Amino acid sequence: METAFCGRIGLSPNPVFNPKPGDKHSLCRGRCSVRGILMAVSAAAPGKGGGVLDRPVIEKTTPGRDSEFDLRKSRKMSPPYRVMLHNDNFNKREYVVQVLMKVIPGMTVDNAVNIMQEAHYNGLAVVIICAQADAEDHCTQLRGNGLLSSIEPASGGC
């Protein structure tokens, strides 16, 4: 903790707090009438917090283009959709598992096998539930790899 007497110039070694009488940032305004009062000024030691903040990065968008924040916000707020895998008699089971793992982020072998088997035995299986834009992308990619796929709103029960 550093100390400075009210009204005296140059007692504080801290260049940030070096009050002058009458200075608008000084603790004493005008003539200081109480000279016997010791005033304590706390200053953060170097390296213990404080410091200069970095300039904030402001994302500039072009007209007609949403910012990345707006895109993430809209995807989170959109209603969920189911990506459905339909059984077909053309693709081998191993190939279906490989495509599911390639197209769906975070898909494990065990989950892909379970989805493939459910579609094979029941004719239909839920692959993933996600935002509509993502569901459309996944469906398009599954179809692009030769699998039968569709999407439907996830509301109305699980």
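Thresholds, definitions, all that
- Residues numbered from 1 in each chain as written.
- Predicted model: local features only at pLDDT ≥ 70, side-chain atom pairs only at ≥ 80, totals over all residues.
- Heavy atoms only, no water.
- Helix = DSSP H or I, 4+ residues; strand = E, 2+ residues; numbered from the N terminus.
- Buried < 20%, exposed > 50% of the residue type's maximum accessible area, 1.4 Å probe, protein only.
- Contact = heavy atoms within 4.5 Å.
- Polar contact = N/O pair within 3.5 Å; in protein donor to acceptor, adjacent residues only side chain to side chain.
- Pairing = 2+ DSSP bridges.
- Axes fitted to C-alpha atoms, helices over the stretch in contact; angles between N-to-C directions.
- Salt bridge = Lys/Arg side-chain N within 4 Å of Asp/Glu carboxyl O.
- Core = buried A, V, L, I, M, F, W, Y, C linked by side-chain atoms within 4.5 Å.
- pLDDT = per-residue confidence, 0-100.

1. A few points about the overall build of the protein
Inference 1: What the protein contains, in helices and strands, is four helices and five strands.
Inference 2: Each helix and strand of the protein, ordered N terminal to C terminal, gives the series β-β-α-β-α-α-β-α-β.
Inference 3: Burial statistics for the protein: of 158 residues in total, 26% are counted as buried.
Inference 4: Residue pairs in contact within the protein that sit at least 24 positions apart in sequence constitute 63% of those at least 6 positions apart.

2. Some remarks on the side chain of Arg82
Inference 1: Along the chain, Arg82 falls in strand β3 (residues 80-86).
Inference 2: A distance of 3.4 Å separates a polar side-chain atom of Arg82 from the backbone oxygen of Ala154.

3. Some remarks on the sheet that holds β3
By way of backbone hydrogen bonds, the strands of a sheet pair with one another, either parallel or antiparallel.
Inference 1: Taken together, three strands build an open sheet; the order of strands is β4-β3-β5 and the sheet is antiparallel. Of all the strands in the sheet, the pair left with one neighbour each is β4 (124-131) and β5 (148-153). Neighbour-to-neighbour, the strand axes of the sheet open up by a mean angle of 25 degrees, direction not taken into account.
Inference 2: Relative to β5, β3 runs antiparallel, the two being bridged by six bridges.

4. Description of the side chain of Ser149
Inference 1: With respect to the helices, strands and loops of the structure, Ser149 is situated in strand β5.
Inference 2: Residue Ser149 is classed as buried on the basis of its relative accessible area, which comes to 6%.
Inference 3: Within polar-contact distance, the side chain of Ser149 engages the backbone oxygen of Met84 at 3.0 Å.
Inference 4: When near neighbours in sequence (up to four residues on either side) are disregarded, Ser149 contacts Val83, Met84, His86, Cys139, Leu142 and Arg143.

5. Focus: the pattern of salt bridges
Inference 1: Applying the stated criterion across every chain yields a total of one salt bridge.
Inference 2: One salt bridge connects Arg82 with Glu152, and the closest N-O pair in it is separated by 3.1 Å. Taken together, the residues Arg82 in strand β3 and Glu152 in strand β5 connect sequence positions 70 residues apart.
Inference 3: On the basis of relative accessibility, which here comes to 9%, the residue Arg82 falls in the buried class.
Inference 4: Note on Glu152: relative accessible area 32%, which makes it partly exposed.

6. As for the nonpolar core
Inference 1: One finds Leu85, Leu100, Met107, Ile115, Val127 and Leu142 to be the most contacted residues of the largest nonpolar core, which totals 20 residues.
Inference 2: Looking at this core, the elements that each hand over two or more residues are β3, α2 (93-103), α3 (109-122), β4 and α4 (132-144).
Inference 3: The element contributing the most residues to this core is α2, with five residues.
Inference 4: When near neighbours in sequence (up to four residues on either side) are disregarded, Leu100 contacts Leu85, Met107, Ala112, Ile115, Met116, Val127 and Leu142.

7. Notes on the pairing of β3
Inference 1: Taken across its seven residues, β3 has five buried, putting it largely inside the fold.
Inference 2: With seven bridges connecting them, β3 and β4 associate as antiparallel partners. Bridge assignment links Leu85 to a residue of β4, and that residue is Ala125.

8. As for the confidence of the model for the protein
Low-pLDDT stretches of the model should not have their predicted coordinates read in fine detail.
Inference 1: Here the protein averages 75 in pLDDT, and 52% of its residues register 70 or above.
Inference 2: Confidence over residues 1-12 falls short of pLDDT 50; this stretch has 35 contacts with residues more than four positions distant or in other chains.
Inference 3: In the predicted structure, residues 32-44 sits below a pLDDT of 50 and forms 23 contacts with residues beyond four places in sequence or in another chain.

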